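# Working through the structure, step by step
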Amino acid sequence: VITISGELPMDSIAEQIKQLELKLLHFDLKTEPELINDLLSRDFEEISQNGRINSRRDVVDWLIHKDIHLQWSLNDFRIRMLTDELVMAMYTAQKMNDMNNLSKGSMRTSIWQRQGGTWKMIFHQASKITD
């Protein structure tokens, strides 16, 4: 087990980050919108599957209006510690219960920063998987 500066083991940090990613995807943020501020940094940005740069406001709008019945699987989840305060998460995301979706999913990369003892996402990118 690898530890970072005497802190949590890497596998424990990876599990924490994975659970935060899943919370963003699965939790009904309409019912508790304050969670968005707990999970996304003020200066958050995203690059979408189509290459568009989305602001924090764009992403918050998507999170609040997303289909809460849609479930996602996060496969091959791994992290890389960039510094003691920065983690890059990489994984494949796929919609599990969308009968209209024939997609192979997307490769996802997120950067999380420890801010005041909690992890907040500062960047996210999705790249569609094609043949």
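For every chain, the first residue of its written sequence is number 1, and the numbers climb from 1 along that sequence. It should be noted that, the model being predicted, local features are given only for residues of pLDDT at least 70 and side-chain atom pairs only at 80 or more, the latter also being counted only at that level, while totals for whole chains, interfaces and linings use all residues. With hydrogens and water set aside, each side-chain value is computed from the structure's full complement of heavy atoms.

Only protein chains enter the calculation, and the probe is 1.4 Å; a residue is then buried if its accessible area is under 20% of its type maximum, exposed if over 50%, and partly exposed in between. Helix and strand labels come from DSSP, where a helix needs a run of H or I of at least four residues and a strand needs a run of E of at least two; each type is numbered from the N terminus. For helix α3 (residues 56–65), every residue scored as buried is listed here: R56, V59, V60 and L63. Each buried residue of α3 sits inside an arc of 100° when the element is viewed along its axis, so together they form one side. Every exposed residue of α3 that faces more than 90 degrees away from the buried side is listed here: R57 and H65. Residues of α3 that are buried sit in contact with α1 (10–26), α2 (34–39), β1 (40–47) and β2 (53–55). When we speak of the arc, we mean the arc of directions from the helix axis to the C-beta atoms. Throughout, a contact is declared for two residues whenever any of their heavy atoms are within 4.5 Å.

Side-chain rings of Phe, Tyr and Trp (the six-membered ring for Trp) are treated as a pair once their centres are within 6.5 Å; stacked means planes under 30 degrees apart, edge-to-face means over 60, and tilted covers the remaining angles. Following the criterion strictly, the structure yields one aromatic pair and no others. When the centroid spacing of 5.3 Å and the interplanar angle of 25° are considered together, the rings of F77 and Y91 count as stacked. With F77 in strand β3 (residues 72–81) and Y91 in strand β4 (residues 86–95), this pair connects stretches of sequence that are 14 residues apart. A relative accessible area of 18% places F77 in the buried class.

Further remarks concern unusual backbone geometry. Working note: non-glycine residues mostly have negative phi, and peptide bonds are mostly trans. We note that D76 has phi near 50°; this positive angle belongs to a residue other than glycine. Within the secondary structure layout, D76 lies in strand β3.

Here the focus is the nonpolar core. Counting 29 residues, the largest nonpolar core has I17, L24, L40 and I79 as the members making the most contacts within it. Looking at this core element by element, the count peaks at seven residues for α1. The definition of a nonpolar core used throughout is a set of buried Ala, Val, Leu, Ile, Met, Phe, Trp, Tyr and Cys residues joined through side-chain atoms within 4.5 Å.

Another aspect to go through is the environment of I122. For I122, the position within the fold is in strand β6 (residues 118–128). With 36 residues separating them along the chain, I122 and L86 place their C-alpha atoms 9.5 Å apart. Once you skip the residues sitting within four places of it in the chain, I122 turns out to touch S41, D43, F44, E45, L86, I111, Q113 and Q115.

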